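Summary of structural features
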Amino acid sequence: SEMCIRDSLWHEPSGRLRGIMMIHVDDVACGGTKEWFEAVANPLRRRFPFGSWEEKAGKYCGRRLEQNPDGTITVSLKESVDKMQMIPISSRRLA
């Protein structure tokens, strides 16, 4: 919802985005300025045990997120797709 999206974004008074956090059940992905990490993300890391914490790349809800040198984010499902197995379907079911 709009409320959830708005509440997961942190802005400076000027409107410039400082940080973003996405949470789904037990998956967390976030990004932001150094100051945002010191004020928001690092206190959360001290309070809650995270299984892993990666910078500039990581997994979120089965997707691989990676920050490129130009600041853009690439989202990939390659690892999940590579694990998929074909399911045989008889010709009778195709008709």
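Data block above holds the structure.
Read on for an overview of the structure.

Procedures and definitions
- Residues numbered from 1 in each chain as written.
- Predicted model: local features only at pLDDT ≥ 70, side-chain atom pairs only at ≥ 80, totals over all residues.
- Heavy atoms only, no water.
- Helix = DSSP H or I, 4+ residues; strand = E, 2+ residues; numbered from the N terminus.
- Rg over C-alpha atoms; globule rule 2.2 N^0.38 Å.
- Buried < 20%, exposed > 50% of the residue type's maximum accessible area, 1.4 Å probe, protein only.
- Contact = heavy atoms within 4.5 Å.
- Areas by Shrake-Rupley, 256 points an atom, 1.4 Å probe, with all protein chains shown as cover.
- Lys, Arg positive; Asp, Glu negative; His and termini not counted.
- Charge placed at Lys NZ, Arg CZ, Asp CG, Glu CD.
- Salt bridge = Lys/Arg side-chain N within 4 Å of Asp/Glu carboxyl O.

A closer look at the overall build of the chain
Each helix and strand in the chain was counted, giving four helices and six strands. Its helices and strands in sequence order give the chain the pattern α-β-β-β-α-β-β-β-α-α, from N to C terminus. Radius of gyration (C-alpha) of the chain: 18 Å, far over the 12 Å computed for a compact globule of 95 residues. Referenced to the eigenvectors of the C-alpha coordinate spread, the extents of the chain come out at roughly 65 × 30 × 30 Å. Within the chain, the proportion of its 95 residues that are buried is 12%. Nonlocal contacts in the chain, meaning residues at least 24 apart in sequence, comprise 15% of its contacts between residues at least 6 apart. Accessible surface, the chain: about 8200 Å² in total, of which carbon and sulfur atoms supply 56%. Both charge centroids of the chain, one from 15 positive and one from 13 negative side chains, sit 6 Å from each other.

Focus on the pattern of salt bridges
The tally for this structure, following the rule as stated, stands at five salt bridges. A salt bridge links glutamate 12 to arginine 16, with the nearest nitrogen and oxygen atoms 3.2 Å apart. Arginine 16 sits in the partly exposed class, given a relative accessible area of 48%. For aspartate 82, the salt bridge is made with lysine 78, and the minimal N-O distance between the two is 2.7 Å. Residue aspartate 82 and its partner lysine 78 are located together in helix α3 (residues 78-83), separated by four residues, close to a single helical turn. The exposure class of aspartate 82 is exposed, given its relative accessible area of 52%. A cluster of three or more residues bridged by salt bridges with shared partners is formed by Lys59, Glu79 and Lys83.

Any link to function would need more than the numbers given here.
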